[in-house]
Amino acid sequence: MSNDESAVMAKSSKGLAVKLGIVVLLLIAVGLTIYMKENGAPANVGMAASGEPSPADPSLQADLESPAPASSPAQGIPRLVDLGATKCIPCKMMAPILEQLKKDYAGRLDVQFIDVWENPSAGDEYGVQMIPTQIFYDASGKELIRHQGFISREDILAQWAELGVDLGPSAAAPAEFSRLDPAAPDTRPRESVCYMCDGDINPKTRTVLKTDKGDVAFCSPHCYFITYSSMVENKPVLENVSITDWAAGAVLSAASAKYVYGVDAKNRPTVKAFADPAAASAEQQATGGNIVEWAALQDKELATRCGFCDRAVYPEDACVVKVEGLSTWGCCTMCALGVAARLQKDIEVTAKDALTGETINVKTFEGHVALLEPHTSVAWAGTKKDAEGKLVSTGCFKQAFFVNEANLKLWVDAHPTATGRLVSIEQALSEKMKLTPQQISKACKIGECTPK
Ligand SMILES: [Zn+2]
Ligand SMILES: [Zn+2]
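Residues numbered from 1 in each chain as written. Chains lettered and ligands numbered in written order. Predicted model: local features only at pLDDT ≥ 70, side-chain atom pairs only at ≥ 80, totals over all residues. Heavy atoms only, no water.

Trainee: Teacher, can you tell me more about the coordination of the zinc ion (ligand 1) here?
Mentor: Reference values for angles at a metal are 109.5 degrees in the four-donor tetrahedral case and 90 or 180 degrees in the six-donor octahedral case. Summarising the metal site, the zinc ion (ligand 1) is bound by the protein donors Cys194 (SG), Cys197 (SG), Cys219 (SG) and Cys223 (SG), whose distances to it range over 2.2 to 2.3 Å. In this structure, the zinc ion (ligand 1) is surrounded by 4 donor atoms whose angles at the metal cover 105 to 114 degrees, and the resulting shape is tetrahedral. Counting gaps between the donor residues of the zinc ion (ligand 1) yields the pattern C-x2-C-x21-C-x3-C. (Donors = N, O, S within 2.8 Å, 3.2 Å for Na, K, Ca; no water. Tetrahedral: all angles 85-135°; square planar, octahedral: opposite > 155°, others 65-115°.)

Trainee: What is the right way to look at the state of the cysteines in this model?
Mentor: When the sulfur atoms of two cysteines share a covalent bond, that bond is a disulfide. With the rule as written, the count across this model stands at 1 disulfide. The residue that forms a disulfide with Cys88 is Cys91, at a sulfur-sulfur distance of 2.0 Å. Every disulfide takes its handedness from the sign of the S-S torsion; for Cys88 and Cys91 that torsion is 80 degrees, giving right-handed. By relative accessible area, which is 2% here, Cys88 ends up buried. (Disulfide = S-S within 2.5 Å. Buried < 20%, exposed > 50% of the residue type's maximum accessible area, 1.4 Å probe, protein only.)

Trainee: Which parts of the structure should I look at to understand unusual backbone geometry?
Mentor: Note on backbone geometry: most residues besides glycine have negative phi, and most peptide bonds are trans. In this model, Ile131 is joined to Pro132 through a cis peptide bond whose omega is -5 degrees. Assignment of secondary structure puts Pro132 in the loop between helix 5 (120-125) and strand 3 (133-137). The phi dihedral of Gln344 is positive, around 55 degrees, even though this residue is not glycine. For Gln344, the location among the structural elements is in the loop between helix 10 (333-343) and strand 15 (348-352). (Helix = DSSP H or I, 4+ residues; strand = E, 2+ residues; numbered from the N terminus.)

Trainee: Is there a simple way to explain the coordination of the zinc ion (ligand 2) in this structure?
Mentor: Within the protein, Cys306 (SG), Cys309 (SG), Cys331 (SG) and Cys335 (SG) serve as the donor atoms for the zinc ion (ligand 2), at 2.2 to 2.4 Å. In this structure, the zinc ion (ligand 2) is surrounded by 4 donor atoms whose angles at the metal cover 106 to 116 degrees, and the resulting shape is tetrahedral. In primary sequence terms, the donor set of the zinc ion (ligand 2) follows C-x2-C-x21-C-x3-C. Note that Cys306 is positioned in the loop between helix 9 (294-303) and strand 13 (319-323) and Cys331 in the loop between strand 14 (326-330) and helix 10, a separation of 25 residues in sequence. Considered together, Cys306 and Cys331 belong to a single accessibility category, that of buried residues.

Trainee: Is there a simple way to explain the pairing of strand 1 (residues 79-84) in this structure?
Mentor: Across a regular strand the side chains alternate sides, sitting on one face of the sheet and then on the other. Along strand 1, 6 of the 6 residues are buried, which leaves the element largely enclosed by surrounding structure. On strand 1, burial covers both faces: Arg79, Val81 and Leu83 on one face and Leu80, Asp82 and Gly84 on the other are all buried. Across 6 bridges, the pairing between strand 1 and strand 2 (residues 110-115) is parallel. Across the sheet, the residue bridging to Asp82 is Phe113, located in strand 2. Between strand 1 and its parallel partner strand 2, the chain crosses via helix 4 (residues 89-104), and the hand of that crossover is right-handed. (Pairing = 2+ DSSP bridges. Right-handed = clockwise from strand over helix to strand, strands pointing away.)

Trainee: Is there a simple way to explain the sheet that holds strand 14 in this structure?
Mentor: Neighbouring strands of a sheet are bound in pairs by backbone hydrogen bonds; such pairs are parallel or else antiparallel. Sheet architecture is open: 5 strands sit in the order 14-13-15-16-17, paired in antiparallel fashion. Looking at strand neighbours, the two that pair on one side only are strand 14 and strand 17 (368-373), the edges of this open sheet. Ignoring strand direction, the axes of neighbouring strands in this sheet form an average angle of 25 degrees. Examined bridge by bridge, strand 15 and strand 16 (residues 359-365) share 5 bridges and lie antiparallel to one another. Bridge pairing in strand 16 places Val349 opposite Val362. Across the face of the sheet, helix 4 comes into contact with strand 16 and strand 17 while running at roughly 45 degrees to strand 17. Relative to strand 13, helix 10 is tilted by about 15 degrees, and along the sheet it contacts strand 13, strand 14, strand 15 and strand 16. (Axes fitted to C-alpha atoms, helices over the stretch in contact; angles between N-to-C directions. Contact = heavy atoms within 4.5 Å.)

Trainee: Explain the sheet that holds strand 2 here, please?
Mentor: Sheet architecture is open: 4 strands sit in the order 2-1-3-4, paired in mixed fashion. In the strand order of this sheet, the two ends are held by strand 2 and strand 4 (143-148), each with one partner. Across the sheet, the mean angle from the axis of one strand to that of its neighbour is 15 degrees, orientation sign disregarded. Contacting strand 1, strand 2 and strand 3, helix 4 runs over the sheet at an angle of about 160 degrees to strand 1. This element, helix 6 (residues 153-162), spans strand 1, strand 3 and strand 4 of the sheet and lies at about 30 degrees to strand 3.

Next up, the structure:
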């Protein structure tokens, strides 16, 4: 149902991203120039002529009055020099990236950071116009190219590859891995599978929406509300919703039932429907929770939404997304990254490894991954082939993060019907950043493709 979004993911349109990147770089350049002027940074930085050859002499570092926190250049291997300052924001975001590259490519790539505010002459000697600037040198010490502004790990590695410099395999570079045809067919009878989450329907919480195309079944009222929150046309009317009596097993009209709204052992909300108020009270006595009518249930269910697609979400199921000190949720890992695109802001995502529950943290900076903990974390992009053989998303319930590739593969083995591909978290984020505001506003919305 999120075909709009996935159609875009399948296409490769770099134009907008490149334009945005240029705008961002210009903004950084302007911002830094002002910052450096106001903060008495060396005047030589920002005045050097463009394209001026810069020193590639490996002994330069040793000549600096106060040595930068980088080891002296190694001989005979490619070198990446980042000229920045510890107090400039994009430079700060670069620090963990450089640190990780240094570890992952030890002996194959020399990574250096030079603080041009602490070492004012360095900016001049390297011909740096703005910070951060990264200079790529080949193994003989010849400058190959330079880049200005924040650059992600993936873009650094892509740049080396484009320059024809082979750094060899990285401990952290995800291998290509996908499974686009299920390992085993899904043999469950259709009526036992939830329309929204594709999970097994618990007969005690089965919820059904009558449509003019037939009945649509959900595993629980929650999955009905997720569907309801994503529908933009022909919103379902209450009269068409029926629900199962938790105690008696009979089918009830959703409007007439009493609901015990409680929590399970993991603090995740539970909704149990009863025709008989006495049975609802007995359940409440036994397991706690509140007794509510449909209207109050709907209010509770729709109160928390995904920060990307607006769908109803239980925080217990969601990724936490922090934006400028405020918290929102991503109903799945992909939606969580999408918040950066929707708000055009830097975000911090806290997700769980789908296999082990281990915590994964992602910080973004201007649409790129700036910090990834653990740095080996990867994403599973749930995709499938549509009737025309084009790759489309399998939806929010089929997306996941893992702390490493090994966990992802174990999870895929354990889910024979899952289809998709391994992508880096930077790739997953960049797919989201390519979406236009119009595409984002339509993300996961059920308009033309109402339940059938
Ligand atoms: Zn469901
Ligand atoms: Zn979402």
